[in-house]
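# Structure assessment
Take a look at the letters that make up each chain.
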Amino acid sequence: MTARWKIALGLAPLAAAPLLLAYVIGWGGSAPAASTPASPSPVAVTTVRPERGSLRHTVEQPGQIQGFEQTPLYAKISGYVRKLNVDIGDRVKAGQALAELSVPELEEQLHQKEALAAQAKAQVENSKQMVRTAEATVNRSAAALRLSEAGVERAEASFTYWQNESERAKRLLPSNSIDQSTAEQTFQQFKSAESALNESRASVDLAKATLAESQAQRDQALTAVPVAEATAQSAEADRKQTAAMLEYTHITAPFDGVVTRRGVDTGWLVQAPAGSAPGAPLFTVARTDVVRVFLDVPEADAAQVRDGMAAAVRVQSLQEQEFAGTVTRSSYVLDDQARTLHTEIDLPNPDGRLRPGQYAVARLTVERPGALMLPASALLTQDDQPAVMRVEDGKAVRTPVKLGSRQGTMVEVLKMQTRPPAHGEPAVWDGLTAAEEIVASSPSALTDGQAVREQAGPDGAEMARAHGAR
């Protein structure tokens, strides 16, 4: 630029500056055309999709160790303690007598019932013997009847013979073929034969009556046998009942275990329980070869507790030693006050290291398959509401979500709010389809509606596998 132009620029009035500037520009060449401001470039982001996987986490709850079985023992009958065989801490076997009671009046009742049972049994044998005697009498009466019937046949034959002889004598006597004396003797023999026949017939009737009487006596003896047997059975049952009651004088162990409590001494009068209040037990026996660990699982994890799932029990009083076991059973129904699931873990205890009453901490590994998970880096929080940046039509859309459990760097996503609620209406939460494109990291660096450009990155399954490898 020449010197005069410099001066002119310096002296030119301010109002002429635009014109002069245009002239100077025109001197150097034509001015470029005016342009509009350019739109910001889309931000490159890495996206992931929710992927299904097994969600595992550990549940630790305090618990208490108890014997597999623990039974208080009471006396069924009243009596005096005659003898004590064990004390607390003693190991006992099933059926072993722990104590003996003395009930003298019951012992005497048993002696009486035994005598009555023996008497009834002898009566049965006597009744059977009477049946055998009656059978013999019937047989004898039957034989007598047959003998009488045979005598009738002989008498009839003799009667027929002398009847014919008498008729012959009557025919011969008028012709003096026989003398009078012979005829009279014949007539007498005929009458004698007739009397003998009548006597034989009467003897048969008597034998029949005797046989009928013998048979009736036999039948009566036969009916007496079941009566005697029933009486004997009743007496024996009465004896057994008294003997069974006397067996209650022996207080026995119901299973192999250890005596944990003794509540009586020798000579004490033990009263049988009255009503629903049994009072203090004589002994308490606990089975300890297997112990139970009782714990209460919170409602959030109760649905995943299954019988047979692995469990670990840590006992503080044994220098934090852990014992492996399994969930054996649960109440299925939650406690309506605490909202917890009562759960039991059985632990073998052959060496007796685990003692009922010890405090323990049980650890369960809960697994829930099919959970939809995202990396924790995909989450942001605004006003205590977790959210993700969902990519839709090339823009980042802030989407509130509801979260479930956390597993390492992965978080379970339960629901998402894909559209804002209308004024005055509650929010609508939808389930995930696993097709959503979610910004994988630094979502807080984006604004709602900001243009984004997706770039390839690991999907949720790869990130979950990577987390599992860690």
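First, a word on what this report is: a plain description of the structure on this page.

What counts, and where the lines are drawn
Residues numbered from 1 in each chain as written. Predicted model: local features only at pLDDT ≥ 70, side-chain atom pairs only at ≥ 80, totals over all residues. Heavy atoms only, no water. Salt bridge = Lys/Arg side-chain N within 4 Å of Asp/Glu carboxyl O. Buried < 20%, exposed > 50% of the residue type's maximum accessible area, 1.4 Å probe, protein only. Helix = DSSP H or I, 4+ residues; strand = E, 2+ residues; numbered from the N terminus. Core = buried A, V, L, I, M, F, W, Y, C linked by side-chain atoms within 4.5 Å. Contact = heavy atoms within 4.5 Å. 1 Å grid on protein atoms, 1.4 Å probe; cavity = no way out; pocket = protein on both sides within 12 Å on 5 of 7 lines; lining within 4 Å. Points joined across faces, edges and corners; volume = space filled by probe spheres on them. Nonpolar A, V, L, I, M, F, W, Y, C, P; charged D, E, K, R; others polar. Axes fitted to C-alpha atoms, helices over the stretch in contact; angles between N-to-C directions. Parallel < 35°, antiparallel > 145°, perpendicular 65-115°, else oblique. Left-handed = near helix turned anticlockwise from the far one by under 90°. Phe/Tyr/Trp six-rings, centres within 6.5 Å; stacked < 30°, edge-to-face > 60°. Lys NZ or Arg CZ within 6 Å of the ring centre and 35° of its normal.

Another point: the pattern of salt bridges. Enumeration according to the criterion identifies 25 salt bridges in this entry. When the shortest N-O distance is used, the salt bridge between Arg262 and Asp265 registers 2.5 Å. Residue Asp265 is classed as partly exposed on the basis of its relative accessible area of 33%. For Arg329, the salt bridge identified is with Glu344, shortest N-O distance 2.7 Å. Here Arg329 is found in strand E11 (residues 321-334), whereas its partner Glu344 is found in strand E12 (residues 340-348), with 15 residues between them in sequence. Given the relative accessible area of 27%, Arg329 is considered partly exposed. Connected through salt bridges with shared partners, the residues Arg292, Arg329, Glu344 and Asp346 form a single ionic network.

Moving on to the nonpolar core. Membership of the largest hydrophobic core comes to 21 residues, with the highest contact counts inside it found for Val313, Val315, Ile345, Leu347, Leu354 and Leu364. Ignoring anything within four residues of it in the chain, the contact list for Ile345 reads Val291, Arg292, Val293, Leu295, Ala311, Val313, Gly325, Thr326, Val327, Thr328, Ala362 and Leu364. Judged by nonpolar contacts, the second largest core, of 17 residues, contains Ala75, Val86, Val270 and Val285.

One way to see where empty space is left: roll a probe the size of a water molecule over the atoms. There is about 190 Å³ of room inside the largest pocket. In this structure, the largest pocket is lined by Arg91, Val258, Thr260, Ala286, Thr288, Gly352, Leu354, Arg355 and Pro356. Those elements that provide at least two residues to the lining of the largest pocket are strand E7 (257-262) and strand E9 (283-298). When the residues that make up the lining of the largest pocket are grouped by side-chain class, the tally is four nonpolar, three polar and two charged.

For the rest of this paragraph, the subject is the packing of helix H3 (residues 104-172) against helix H4 (residues 180-247). One can describe the packing of H3 onto H4 by two numbers: an axis separation of 5 Å at closest approach and a directional angle of 170°. Compared by their axis directions, H3 and H4 come out roughly antiparallel. As for the relative orientation of H3 and H4, their crossing is left-handed in sense. Split into classes, the residues belonging to the contact of H3 with H4 amount to 37 nonpolar, 20 polar and 18 charged.

Within the structure shown, the criterion is met by two aromatic pairs. Each ring, one from Tyr161 and one from Trp162, has its centre 5.1 Å from the other, and the planes form 80°; the classification is edge-to-face. Cation over ring: Lys170 sits above Phe187, and NZ or CZ is 6.0 Å from the ring centre. When the ring centre of Phe68 is taken as origin, the NZ or CZ atom of Arg292, which lies over that ring, is 4.1 Å away.

From the geometry alone we can't say anything about function, so treat these as descriptive.
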